[in-house]
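Each chain, written out:
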Amino acid sequence: MSLAPLARIPKAELHLHIEGTLEPELAFALARRNGVTLPYADTDALREAYLFADLQSFLNLYYGLMAVLLTEDDFEALADAYLARAAEQGVRHAEIFFDPQAHMARGVPMGTVVTGLSRALARSEERHGVSTKLIMCFLRDQSAESAMETLEAAKPYLEHIVGVGLDSAEVGNPAAPFREVYEAAAALGLRKVAHAGEEGDPSYVWEALDVLGVERVDHGLRSLEDPELVARLVRDRIPLTLCPLSNVRLRAIDVLEEHPLVKMMDAGLLCTVNSDDPAYFGGYAGDTFHAVHEALALDHERVRELARNSFVASFLDGSAQDEALRARYLAEVEAYPLDDITG
Ligand code: ADE
Ligand code: ZN
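The structure contained in this document is the topic of the report that follows.

Analysis parameters
- Residues numbered from 1 in each chain as written.
- Chains lettered and ligands numbered in written order.
- Predicted model: local features only at pLDDT ≥ 70, side-chain atom pairs only at ≥ 80, totals over all residues.
- Heavy atoms only, no water.
- Donors = N, O, S within 2.8 Å, 3.2 Å for Na, K, Ca; no water.
- Tetrahedral: all angles 85-135°; square planar, octahedral: opposite > 155°, others 65-115°.
- Helix = DSSP H or I, 4+ residues; strand = E, 2+ residues; numbered from the N terminus.
- Buried < 20%, exposed > 50% of the residue type's maximum accessible area, 1.4 Å probe, protein only.
- Near = heavy atom within 4 Å.
- Polar contact = N/O pair within 3.5 Å; in protein donor to acceptor, adjacent residues only side chain to side chain.
- Nonpolar A, V, L, I, M, F, W, Y, C, P; charged D, E, K, R; others polar.
- Phe/Tyr/Trp six-rings, centres within 6.5 Å; stacked < 30°, edge-to-face > 60°.
- Lys NZ or Arg CZ within 6 Å of the ring centre and 35° of its normal.
- Expected span 1.5 Å × (residues − 1).
- Contact = heavy atoms within 4.5 Å.

### Considering the coordination of the zinc ion (ligand 2)
Surrounding the zinc ion (ligand 2) are the protein donor atoms H15 (NE2), H17 (NE2), H195 (NE2) and D276 (OD), which sit 2.0 to 2.3 Å from the metal. Around the zinc ion (ligand 2), the four donor atoms are arranged such that angles at the metal cover 83 to 175 degrees; this shape is classified as irregular. The motif formed by the donor residues of the zinc ion (ligand 2), counted along the single chain, is H-x1-H-x177-H-x80-D. With a gap of 180 residues between them, H15 in strand β1 (residues 11–17) and H195 in strand β5 (residues 191–196) connect regions that are remote in the sequence. The burial state of H15 is the same as that of H195; both residues are buried.

### Digging into the site of ligand 1
As a matter of local geometry, ligand 1 sits amid H17, L55, F58, L59, Y62, D167, S168, H195, E198, H219, D276 and D277. Between a nitrogen atom of ligand 1 and a side-chain N or O atom of E198, the distance comes to 2.7 Å. D276 is positioned such that a nitrogen or oxygen atom in its side chain is 2.8 Å from a nitrogen atom of ligand 1. With four residues, helix α3 (residues 55–65) is the largest single contributor of residues to the shell around ligand 1. Grouping the constituent residues of the shell around ligand 1 by class yields four nonpolar, four polar and four charged.

### Some remarks on the packing of aromatic side chains
In this description, an aromatic ring pair is defined by two values, namely the gap between the centres and the angle between the planes. Across all of its chains, the model carries eleven aromatic pairs by this definition. With a centroid separation of 4.8 Å and 55 degrees between ring planes, the pair formed by F58 and F281 is classed as tilted. Taken together, the positions of F58 in helix α3 and F281 in helix α14 (residues 278–281) put the pair 223 residues apart, joining distant regions of the chain. Neither F58 nor F281 differs from the other in exposure class; each is buried. Every member of this aromatic cluster is reached through a ring pair, and the members are Y50, F52, F58, Y62, Y63, Y280 and F281. The side chain of K11 reaches across the aromatic face of F289, ending 4.9 Å from its centre. In this structure, R216 is placed above the aromatic ring of F315, and the distance from its NZ or CZ to the ring centre is 4.1 Å.

### Some details on helix α6 (residues 110–122)
For α6, which comprises 13 residues, the first-to-last C-alpha distance of 18 Å matches the rise-based estimate of 18 Å (1.5 Å per residue) to within 8%. The element α6 is extensively covered by neighbouring structure, given that ten of its 13 residues are classed as buried. For α6, the set of buried residues is M110, G111, T112, V113, V114, G116, L117, S118, A120 and L121. On the buried face of α6, the contacting elements are α4 (72–88), β2 (91–98), α5 (100–104), α7 (124–128), β3 (131–139) and α8 (144–154).

Structural data, given as structure tokens:
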């Protein structure tokens, strides 16, 4: 089914794990190509396993399916398939996470991952009309030493990487041990983001801000529980990269109608909506705009605000060229004819 015009409003995607875009069809094609046996009979059986109780139950499947990603060509194919879909959904700019430790632990070197992804990203503007940046995430359920080794391994590839993030299992894995690796990343000129407040309480968001010094919070879903935290996020204009469909699938909320997005926008928070791991959670960026528009009865001005916020919160501010691109995208958002559109 084609996407409604409203959902195709120009937008940036700021919270997207490239490994979370691995669709079952591509997973099986890569498994065949690489001689990997998957513990599922076919794509239907794999899809049937997409019933998650929480973040950890998703992560178990997500890390397992990565077994099919082995070569530069595999990573290139993965990123190119995502960018083609993103373009159809109105994405004009994508800031893409990847999880190098999950690949290096399987014997796939950093260079294979970054070179493969970068090949697809380098052609993306020309082929798909989508500009891109790459953000390397550390796994918070691994040690800080492992994160530091990962940063070291990334040094030959820093021209391709704009920033660092922190992901994987949140609760019980605080950010504090990662202070030094974030300081080292910043000293290399990298931007800083981190997942926080997805399942964890507001203390995880405070720690991301105060210990890691992040300039954007990934999720921040539980921020409203702490009015002082809200005041801080509003005062410092810290963007939140919310992922509403992910929150439902991973049971952070029961139904989309209960998502606090509107309350968060009303509180003055700089909210964006994103797809997180769209192959697993039932929708890409445009599908997510469509779903929140319907479930939360967002009016057109709110939809435009979310699209505008996505570019405001992006890392398209590092150079005059990036600033010019952002200005062009923001003009596209303002010119997008939402009032002629229903649905
Ligand atoms: N890695 C991939 N998706 C994630 C999520 N939603 N939270 C934490 N780590 C992740
Ligand atoms: Zn995420």
